[in-house]
Every structure is written in structure tokens, then in C-alpha cells.
Amino acid sequence: MRHPALTSRLQPFTSTIFAEITELARRTGAVNLGQGFPDTDGPAGMLQRAQQAIGDGVNQYPPGAGEPELRAAISEHRGDRYGIEHAPEDEILVTVGATEALTASMLALVEPGDEVVLIEPYYDSYPVAVAMAGGVRRTVPLRLGDSGRFELDVPALRAAVGPRTRAVVVNTPHNPTGTVLTDGELGAIAEVCREHDLIAITDEVYEHLTFDGRPHNPLATLPGMAERTLSLSSSGKSFSATGWKIGWVCGPAELVAAVRAAKQFMSFVGGAPFQPAVAHALRAELDWVEQLRKNLQGKRDLLAEGLSQAGFRVLPSEGTYFVCADVRPLGFQDGAQLCRELPERVGVAAIPVQVFCDTPDDTRHLVRFAFCKRDQVLHDAVERLSGLQRG
């Protein structure tokens, strides 16, 4: 061929760490604590509603913006839980998961050469979405504080913003660190956005999964932020239905219309019979979600204790599916090298945190484990990991 098969802007993203580690786990029979998906199903009522929808013939294209029933349920949920009003008609867009929502937002709002600020460690699709739009990413670190908690480097955030900055992407509860941004951290982000007239794109897919009494406070609730914030979430994490890929974007009508213009030429629509099921879940299954949150908190504690007994230094996890651990007490320095060896060594798969960073030195020693698994799976993983000390 006269030209490369892949454009230069996507050449850095030819494979993902998730595919690599999952294949290692499959090949070795390892317990996979790498990819964040649960191994049990969501609420029975939601599943039955999807089955009913299929039987009732809800199997063709839904409306481009999403089923009205689902958009109304999302509006009600945001209003009841956070006091944020979104008109279902033009301020809510249903997407094929939050990943599509993020990518469509970038394609719609970022001009080639515009800068987008990402907080690192970042979810791996964020830099790809910026690249697809022809944007330039600038990164701001979460740094480990004295308590072991990852904290936002506010001076670095201010320094990263310049005349070409268009948007900032905010993920809280945060994957991969498990940090839930504080009111002070959110306030600093909001101040920067207002001062520089930036759009905020918030990834809130773990909004219901916070621990130890910590609330999730959407950035859009802060003064001056509702008119400049696109809030992204999905059903996958809250209702243990990651394969359904039903997500949404909420925000001011002008911004949502722009995202819809891009999204309609990506997937057009998706998941027709799942949309009424998710509407049901938002209205009738939040007690189930609260029990899920409690169960996950217990699983976090189970895995954290086991990792500590196995010799890791375990960092606090305030939300999400994940806990991070320092591998240095076990005599290792490079988390990526260890993660590539773990499936063969002891039969457990995990993800190195450094792959989510442009400047990986501060996180090179950290590994992310997922605890959204059955207790027996976690016990099995802990027993296997104890072999690192015996080995």
C-alpha cells in the first residue's frame, strides 16, 4: 500500500491493555480482576422488562434521541437525586454507552488544534476521543497525598489551561484510582471553567457506587456550571448491565444538539428493547442499586484486606469497582511488568495504572484490581496472590 492503513493520529492506540490482559487471563485460566465488569446480573425486574419489550416487538430503530420513556426517566432521576432540571425533549440524548457519549462530545465540540484537559490517570478512551476530533490533550495529575488518597493538583490544572483550551474532562467517581472528588476539588475545577469559558464534560458512570457515606456531587450543580456542562452516565455500572451499552448525555440544549449531530452518524441509535428496561430501573430499582453499593463496599474491604495480607500496600478506594495497590513492598518496581507476569506466576490478572497516564513515573508502581466479582472469586484471587510472597 502507498499509505499506512491507520491514520497517524490513531497509530498510538492500536490495542488496549484490557484486550492484552484479558487474553493472558483466558490463555492461563487466571482469575480476571482486570476488566471492570460484574459476574452477576442486574435486577430481575429490569431483565424481565427487557424480555417483555422484545416479546412486544420493540426491536426496530428507536427515536434518534432515545425512547421518550427513558429520557423522561433520566430527567426524573437527575431532578430527584441532584436537583438538576433537564428537559427530556432537547436536553437529554441516549447513547450507545458513555464511551460513545464522550467520543460524540469531542467530535461535536472540539475543532482541530483545540486543547482538551484530561485528569490523569484517565480512562483509556479519553485520549483516543480527543485524537479522533483532531484535538490536543493536556494532562493534569491526581497526586498521592500523605493519606494515600489521590488528590487533584489544582495549580497544575490552572497551568494547563491556555488560550486554545476548549474543554476539560472530569471523571468522578474516578476510574482507575477510586477517588471521589471533594467539594473543594470540584469547586476549583468550576472556577477554572468559569474563568476561561470552558466546557466541562463529566463522566459519572459510577455515580451510585460511592462508599463510606461519601456523596456524589455532580459538577453541574455548582454555580455557573449547568450552562457549560455535559453530564455523561450510563446503566452499565449502576444496574450491572455493562453489555447493554445504554448511556446518556444531559446538558443545555445547544450542547446536547451538537452532540446529537455527531452521534447520529456513529451508531444512529442502539438497544431498543433495553431502553424501556433501563427506564424501569431508574424508576423502580434504586433500592437494588443501594444494596449493590453496600455489597461492593464489602467486596472492596474483602479484597483490600486480602491484598494487604498478600504483601501489597493498598490505597483507599472511595468508589467505583476498583482498588489500587503498590507493588513495591513485594519487591517489584514496575506494575506493567508484574501485570504481564501475574497470570503465569499466580493465576490472577490485573491492570497497571501507568498505562492511563502520559507521565507514568508517579504511578509506575501501582496496579488496579477490580472487586466487582462474586466473593468466592475474590477469595480465590487472594489465595493465589499470596503465592507472590511464597514465591
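Residues numbered from 1 in each chain as written. Predicted model: local features only at pLDDT ≥ 70, side-chain atom pairs only at ≥ 80, totals over all residues. Heavy atoms only, no water.

## A short note on the side chain of E207
And then number 1: In this structure, E207 sits in the loop between β7 (199-203) and β8 (229-234).
And then number 2: Of the side chains with opposite charge, R78 comes closest to the buried, unpaired E207, at an N-O distance of 4.5 Å.
And then number 3: Among the polar contacts listed, one links the side chain of E207 to the side chain of S233, at a separation of 2.5 Å.
And then number 4: For E207, the contacting residues outside a window of four places in its chain are H77, Y82, P173, H216 and S233. (Helix = DSSP H or I, 4+ residues; strand = E, 2+ residues; numbered from the N terminus. Buried < 20%, exposed > 50% of the residue type's maximum accessible area, 1.4 Å probe, protein only. Lys, Arg positive; Asp, Glu negative; His and termini not counted. Salt bridge = Lys/Arg side-chain N within 4 Å of Asp/Glu carboxyl O. Polar contact = N/O pair within 3.5 Å; in protein donor to acceptor, adjacent residues only side chain to side chain. Contact = heavy atoms within 4.5 Å.)

## A word on the pairing of strand β2 (residues 92-95)
And then number 1: Here β2 shows a buried face lined by I92 and V94 and a second buried face lined by L93 and T95.
And then number 2: With four bridges connecting them, β2 and strand β9 (residues 247-250) associate as antiparallel partners. The residue of β9 that forms the bridge with I92 is C250. (Pairing = 2+ DSSP bridges.)

## Remarks on the pattern of salt bridges
And then number 1: Under the defined criterion, the tally for this structure stands at 28 salt bridges.
And then number 2: A salt bridge links E100 to K263; its shortest N-O distance comes to 3.1 Å. One end of the pair, E100, is in helix α4 (residues 97-109); the other, K263, is in helix α8 (residues 253-263), with 163 residues separating them in the sequence. Considered together, E100 and K263 belong to a single accessibility category, that of buried residues.
And then number 3: Measuring nitrogen to oxygen at the nearest pair gives 3.0 Å for the salt bridge that ties R149 to E318. Taken together, the residues R149 in the loop between β4 (136-144) and β5 (150-152) and E318 in the loop between β10 (313-314) and β11 (322-326) connect sequence positions 169 residues apart. With respect to class, R149 is no different from E318; both count as buried.
And then number 4: Here the salt bridges share partners, and the residues they tie into one network are R149, E185, D212, R214, R300, D301 and E318.

## With respect to the environment of S234
And then number 1: Assignment of secondary structure puts S234 in strand β8.
And then number 2: For S234, a relative accessible area of 9% gives the class buried.
And then number 3: Apart from the residues lying within four places of it in its own chain, the contact partners of S234 are A98, V205, I246, G247 and W248.
And then number 4: Among the polar contacts listed, one links the side chain of S234 to the backbone nitrogen of G236, at a separation of 3.3 Å.

## Let's talk about the nonpolar core
Generally speaking, a soluble globular protein has its nonpolar side chains buried in company with each other.
And then number 1: Among the nonpolar cores identified, the biggest contains 46 residues, and F312, F369 and L385 are the most heavily contacted of them.
And then number 2: Elements with a contribution of two residues or more to this core: α1 (17-28), α10 (286-309), β11, α11 (335-345), β12 (348-349), β14 (366-370) and α12 (375-385).
And then number 3: Aside from chain neighbours lying at most four places away, what touches F369 is L33, L303, L307, F312, Y321, F322, V323, A325, V348, A350 and L385.
And then number 4: L186, L198, C324 and V353 belong to the second-largest nonpolar core, a separate cluster that totals 27 residues. (Core = buried A, V, L, I, M, F, W, Y, C linked by side-chain atoms within 4.5 Å.)

## A short note on the packing of α4 against α8
And then number 1: Running from amino to carboxyl end, α4 crosses α8 at an angle of 105°, the nearest separation of the two axes being 8 Å. As summarised for this structure, α4 and α8 are arranged roughly perpendicular, according to the angle between their axes. Here α4 contributes E100, A101, A104, S105, L107, A108 and L109 to the contact with α8, which in turn contributes L255, A258, V259, A262 and K263.
And then number 2: Residue composition of the contact of α4 with α8, by class: nine nonpolar, one polar and two charged. (Axes fitted to C-alpha atoms, helices over the stretch in contact; angles between N-to-C directions. Parallel < 35°, antiparallel > 145°, perpendicular 65-115°, else oblique. Nonpolar A, V, L, I, M, F, W, Y, C, P; charged D, E, K, R; others polar.)

## A short note on the UniProt feature "domain: Aminotransferase class I/classII large" (unreviewed entry) in the protein chain
And then number 1: UniProt's feature table lists "domain: Aminotransferase class I/classII large" (unreviewed entry) at residues 31-384, given in the numbering used throughout.
And then number 2: Secondary structure content for residues 31-384 is 38% helix and 18% strand, and the end C-alpha separation is 9 Å. (UniProt positions renumbered as here; feature names shortened; annotations may be inferred.)

## Things to note about the sheet that holds β14
And then number 1: Spatial ordering of the open sheet is given by β10-β11-β14-β13, a layout of four strands whose pairing is antiparallel. Of all the strands in the sheet, the pair left with one neighbour each is β10 and β13 (351-352).
And then number 2: In this structure, β13 lies alongside β14, joined through two bridges in antiparallel fashion. In the sheet register, P352 faces β14, and the bridge partner there is V367.

## Digging into α10
And then number 1: Its 24 residues place the ends of α10 35 Å apart at the C-alpha level, agreeing with the 34 Å of an ideal helix rising 1.5 Å per residue.
And then number 2: Turning to α10, its buried residues are V289, L292, R293, L296, K299, R300, L303, A304, G306 and L307.
And then number 3: Where α10 is buried, its residues meet β10, β11, β14 and α12.
And then number 4: Count one or two residues on from α10 and you reach G311, which has phi positive near 110°. (Expected span 1.5 Å × (residues − 1).)

## A word on the sheet that holds β2
And then number 1: Strand order in this open sheet of eight strands is β2-β9-β8-β7-β6-β3-β4-β5, and the pairing throughout is mixed. Each end of this open sheet is capped by a strand with a single partner; those strands are β2 and β5. Going from strand to strand, the sheet's axes swing by 25° on average, the running direction of each strand aside.

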